[in-house]
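Take a look at the letters that make up each chain.
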Amino acid sequence: MKNLKSLIKYLSVAFTTSLLTILGVFTIISNKQVAHTDYTYKQPVPTQLSSFSSSTAQQYPNLTNAAEKSVHAVVHITTQKEMTHQPQSLFDLFYGNGSGSYNQPQVQQASGSGVIISSDGYIVTNNHVIDDADNIKVIFEENKTFDAKLVGTDPNTDIAILKVEAEGLPYLEWGDAQKLKLGEWVLAVGNPFSLNSTVTAGIVSAKSRSIGIMSGQMALESFIQTDAAVNPGNSGGALVNQSGQLVGINTAIASRTGSYSGYSFAVPSTIAKKVVGDILKYGAVQRAILGVQIRDNNSQLAEEEDLDITYGAYVARVTDGSGAEKAGIESGDIIIAVNERAIKNTTQLREQVGQYSPGNTVTVKINRDGDEKEFTVELQNLKGNTNIIKATNDFLGAKFKPLNINQQRKFSIQYGLQVTSLSDGKLKNAGIKKGFIITSVNNYAVSSVKELQDLVMNTPTNKQVLIEGVYPNGEWAYHIFKNN
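Residues numbered from 1 in each chain as written. Predicted model: local features only at pLDDT ≥ 70, side-chain atom pairs only at ≥ 80, totals over all residues. Heavy atoms only, no water.

Novice: Teacher, can you tell me more about the sheet that holds strand S13 (residues 263-268) here?
Specialist: In sheet architecture, strand pairing relies on hydrogen bonds along the backbone and comes in two forms, parallel and antiparallel. The six strands are arranged S8-S9-S10-S13-S12-S11 in a closed barrel whose pairing can be described as antiparallel. Each neighbouring strand pair of the sheet contributes to a mean axis angle of 45°, computed without reference to strand direction. In this structure, strand S10 (residues 223-226) lies alongside S13, joined through three bridges in antiparallel fashion. Residue pairing in the sheet places Ile 224 in a bridge with Ala 266 of S13. Those strands touched by helix H3 (residues 64-71) are strand S8 (185-190), strand S9 (198-209) and strand S11 (238-240), and its axis lies near 25° from that of S8. (Pairing = 2+ DSSP bridges. Helix = DSSP H or I, 4+ residues; strand = E, 2+ residues; numbered from the N terminus. Axes fitted to C-alpha atoms, helices over the stretch in contact; angles between N-to-C directions. Contact = heavy atoms within 4.5 Å.)

Novice: Can you walk me through the nonpolar core in this structure?
Specialist: Nonpolar side chains tend to gather and get buried jointly when the protein is soluble and globular. Counting 30 residues, the largest nonpolar core has Ile 159, Ala 238, Ile 249 and Val 267 as the members making the most contacts within it. Considering every element that reaches this core, the biggest residue donor is helix H6 (residues 269-282), with five residues. Setting aside residues up to four positions removed in sequence, Ile 249 forms contacts with Val 115, Val 124, Thr 125, Asn 126, Ile 159, Gly 236, Gly 237, Phe 265, Ala 266, Val 267 and Ala 272. Core analysis: the next-biggest nonpolar cluster, separate from the first, contains 19 residues, Leu 290, Val 338, Ile 343 and Ile 366 among them. (Core = buried A, V, L, I, M, F, W, Y, C linked by side-chain atoms within 4.5 Å. Buried < 20%, exposed > 50% of the residue type's maximum accessible area, 1.4 Å probe, protein only.)

Novice: How do you make sense of a negative patch on the surface when you look at a structure like this?
Specialist: There is a patch of like negative charges on the surface, built from Glu 303, Glu 304, Glu 305, Asp 306, Asp 308, Glu 340, Asp 369, Asp 371, Glu 372 and Glu 374. At the level of secondary structure, the elements contributing two or more residues to the negative patch comprise helix H7 (299-305) and strand S19 (371-378). Tracing the sequence through the fold places Glu 372 in strand S19. (Patch = residues over 30% accessible without salt bridge, like charges linked within 9 Å, V, L, I, M, F, W, Y side chains within 5 Å. Areas by Shrake-Rupley, 256 points an atom, 1.4 Å probe, with all protein chains shown as cover. Salt bridge = Lys/Arg side-chain N within 4 Å of Asp/Glu carboxyl O. Lys, Arg positive; Asp, Glu negative; His and termini not counted. Charge placed at Lys NZ, Arg CZ, Asp CG, Glu CD.)

Novice: Explain the pairing of strand S7 (residues 159-163) to me, please; I cannot follow it from the model alone.
Specialist: The side chains of a regular strand alternate between both faces of the sheet. Counted residue by residue, S7 has five buried out of five residues, so it is predominantly covered. Here S7 shows no split at all, with Ile 159, Ile 161 and Lys 163 on one side and Ala 160 and Leu 162 on the other all buried. In this structure, strand S3 (residues 122-126) lies alongside S7, joined through five bridges in antiparallel fashion. Its bridge partner lying in S7, Ile 123 is registered against Leu 162. Bridge count between strand S6 (residues 149-154) and S7: five bridges; the pairing is antiparallel.

Novice: What am I meant to see in H6 here?
Specialist: Each turn of an α-helix holds 3.6 residues, which means side chains three or four residues apart point in the same direction. Here H6 is 14 residues long and its end C-alpha atoms lie 19 Å apart, about the 20 Å a rise of 1.5 Å per residue gives. Regarding H6, the residues found buried are Ser 269, Thr 270, Ile 271, Ala 272, Lys 274, Val 275, Val 276, Asp 278 and Ile 279. Where H6 is buried, its residues meet S3, S6, S7, strand S12 (246-254), S13 and helix H9 (346-353). Backbone geometry just downstream of H6 places Gly 283 in the positive-phi region, at approximately 90°. (Expected span 1.5 Å × (residues − 1).)

Novice: For this particular structure, what's the right way to read the side chain of Gln 286?
Specialist: Examined against the element boundaries, Gln 286 turns out to sit in the loop between H6 and strand S14 (292-296). A polar side-chain atom of Gln 286 sits 2.9 Å from the main-chain carbonyl oxygen of Ala 284. If sequence neighbours within four positions are ignored, Gln 286 has contacts with Lys 274, Asp 278, Tyr 356, Ser 357, Pro 358, Asn 387, Ile 388 and Ile 389. (Polar contact = N/O pair within 3.5 Å; in protein donor to acceptor, adjacent residues only side chain to side chain.)

Now the structure itself:
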């Protein structure tokens, strides 16, 4: 009997526990606090696409007007360049592969993008898009094609200017890249993979970014970094703000594969606009310098030099006779502002100074031993004065072309530029005749117009320029003129 009572008691407890468990589970399910990993139970849940959420939609700007304005003013650029296949051995040179390919120039084709900046046909693009091209064509959105003339280039900023003979063209107005804020929405417009009129969106990820890709002697890098998708073919295209203004020229991508993988970089409009204006007005960029050698200031340098701050551009050396020296700036100073714009590193300093021309004055704020001081500096050019620098072809008075394979064989040289025409200028005055092949300037080999330009322009004022070369009859000659 006792055992029977115990059994009944046990069954009662078990039944009560089971009932409470079932009620608890039912309560949980009713409150929708259960997550299922299979399909045995389906609880209908109200759903809404996040992109159509009223609260989310308000976070994204309407970029349709900016996109519509931009696509009409961005063009597709195609180039052609004749390449002569170089023999790799004496066997190749004399026997080849039987096709005669070493004597036949081969055409290399490339493409990119450009931005119309005036109604009468001026177009800005990247220098690397049209570099050494023999033929440049511009294709507009409606598929009209024009031959383009190269107006000028600046390898230091990777900017080039083209001109097509057309009127009434849609164009983009310049915007102020310095007003861009981190996180601000921008559009990248171009022709990736030859897909015309492609628009992508992203935000400004960083400003004043240097990535070490410029090849010019006075390379100026201060890129706008964005996460807008940019791919091969976008180079030279537009980076525009929400108002449809041109704030940058898309130039490069950070990629392990050669295609977009997270970040793209654009030359800011503040730099591009200055370059374009100088080339159109003077034929060459009027590059201004402070006259200081600088280093990025950081905690390590601050500790080594016992500095009071860990930011700014540290002045390692002041050039004799420079504007900085004349103003009173000294080695050991830390530049922290130019014309009231804060300077955190050397890239920002180069960007600020790069917007001005020789002869302009700027206010430079420095930190010296913990005290802040201001100096008014007159900027100079590379030659240490404020004179206008002219384009090389203008003052040399000549046009050039690279050597072909037959000329290289005839004179046993692998480089050089042949003078194809002469007008009044330094070369004609030095006695050089049409057909002369320039092989070196100041004992440095020359194989491109850019190399010739750099060597001549960087020869100090009133110093002699020595040009060596050979005439078509095989006569070697030297010519000298003074650089002034």
